[in-house]
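Here are the chains, one letter per residue:
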Amino acid sequence: PKSDVYSFGIVLLELIARKRAKEGDVYLVGTFAEAKARDLRGLFDSEIANENNIGILQQRVKLANECLRRDRNERLKMTDVAERLRVLKKGED
């Protein structure tokens, strides 16, 4: 189950950035991890990022990072991920 959560985190980042997890020597997970201290907006796909949803995208990156924790015991359970996604969805409406 913890591997599934990790994989979901990768897919979530791929959707946000509209890039593959690995392109050449660049790993999407590392790119987002390094960007924690910087502005994440430059990493979002420009076709989906706008002023109205930037907060939601940032929350999804936060969720993805929690799924991608190195220590598998610190990763979320998939039920927790599903609940967080429901809360994020309610925030969009």
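Here, the structure is the one placed above.
Here is what the cut-offs are and how they apply
- Residues numbered from 1 in each chain as written.
- Predicted model: local features only at pLDDT ≥ 70, side-chain atom pairs only at ≥ 80, totals over all residues.
- Heavy atoms only, no water.
- Helix = DSSP H or I, 4+ residues; strand = E, 2+ residues; numbered from the N terminus.
- Salt bridge = Lys/Arg side-chain N within 4 Å of Asp/Glu carboxyl O.
- Buried < 20%, exposed > 50% of the residue type's maximum accessible area, 1.4 Å probe, protein only.

Asker: Where do I start with unusual backbone geometry in this structure?
Answerer: If a residue is not glycine, its phi is most likely negative; likewise, a peptide bond is most likely trans. With phi around 55°, Arg18 is a residue other than glycine that occupies positive phi space. Within the fold, Arg18 resides in the loop between helix H1 (2-17) and strand E1 (22-23).

Asker: Please clarify how the pattern of salt bridges should be interpreted in this entry.
Answerer: Pairing is possible between side chains of opposite charge, provided their charged atoms come close. A complete count under the given rule lists four salt bridges for this structure. The salt bridge partner of Arg86 is Glu83, with a shortest N-O separation of 3.2 Å. Linking Arg86 with Glu83, this pair stays in helix H4 (residues 78-92), spanning three residues, or about one helical turn. With relative accessibility at 40%, the residue Glu83 sits in the partly exposed group. What emerges from the salt-bridge pattern is a single network uniting Arg18, Asp45 and Glu47.

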